[in-house]
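Fold and geometry: a report
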Amino acid sequence: MEKGAATADEDTGDRLGTLGSDPLSPLVEVRGLRKQYGRLVLFEGINFCVRRRDMLAILGQSGAGKSTLMHILGALDSPSEGEVYFASTLLRSLSPDEA
């Protein structure tokens, strides 16, 4: 490694600041997520949390809602029901610039 080069952990720590400094504290937490378009329920009952250094795979058939879920997690779309927290902050409570 080059002198002065940051390791992956150091780089993550710099970008996240104090977020996720407790490995048991969730960075992302999803509670009771549901997405519905009219009568079509794309998904419901989605619950999970991602902690520092966790990896999570989103798997499903074409049209199962994987991209929609990622849009919700990225604050590009809103759930029909449920809550998404980033570092204990409810995403709906953030301004578009903060999200």
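Residues numbered from 1 in each chain as written. Predicted model: local features only at pLDDT ≥ 70, side-chain atom pairs only at ≥ 80, totals over all residues. Heavy atoms only, no water.

1. Let's talk about a nonpolar patch on the surface
A cluster of nonpolar side chains, namely Leu56, Ile58 and Met70, defines an oily patch on the protein surface of about 260 Å² accessible area. Assignment of secondary structure puts leucine 56 in the loop between strand 2 (40-51) and helix 2 (66-73). (Patch = residues over 30% accessible without salt bridge, like charges linked within 9 Å, V, L, I, M, F, W, Y side chains within 5 Å. Areas by Shrake-Rupley, 256 points an atom, 1.4 Å probe, with all protein chains shown as cover. Salt bridge = Lys/Arg side-chain N within 4 Å of Asp/Glu carboxyl O. Helix = DSSP H or I, 4+ residues; strand = E, 2+ residues; numbered from the N terminus.)

2. Focus: the sheet that holds strand 4 (residues 89-90)
In space, the four strands of this open sheet follow the order 2-1-3-4, with antiparallel pairing throughout. Two strands in the sheet have a free side with no partner beyond their single neighbour: strand 2 and strand 4. Sheet topology note: the strand 3 (residues 81-86)/strand 4 ladder contains two bridges and is antiparallel. Looking at the pairing, phenylalanine 86 lines up with threonine 89 of strand 4. (Pairing = 2+ DSSP bridges.)

3. Details of the pattern of salt bridges
According to the stated counting rule, one finds three salt bridges in the structure shown. The shortest N-O distance in the salt bridge between arginine 34 and glutamate 44 comes to 2.5 Å. Here arginine 34 is found in strand 1 (residues 26-37), whereas its partner glutamate 44 is found in strand 2, with 10 residues between them in sequence.

4. Thoughts on unusual backbone geometry
A positive phi is found at arginine 53, a non-glycine position, where the angle reads about 70°. The residue arginine 53 is located in the loop between strand 2 and helix 2 in this model. Relative accessible area serves as the criterion here: at 59%, arginine 53 is assigned to the exposed category. A positive phi angle is found at serine 88, which is not glycine, with a value near 70°. Residue position: serine 88 is located in the loop between strand 3 and strand 4. (Buried < 20%, exposed > 50% of the residue type's maximum accessible area, 1.4 Å probe, protein only.)

5. Remarks on the confidence of the model for the protein
Overall, the predicted model of the protein reaches an average pLDDT of 81, with 73% of residues at or above 70. With pLDDT under 50 throughout, residues 5-16 is counted as low confidence; its partners more than four residues away or in other chains account for nine contacts. (pLDDT = per-residue confidence, 0-100. Contact = heavy atoms within 4.5 Å.)

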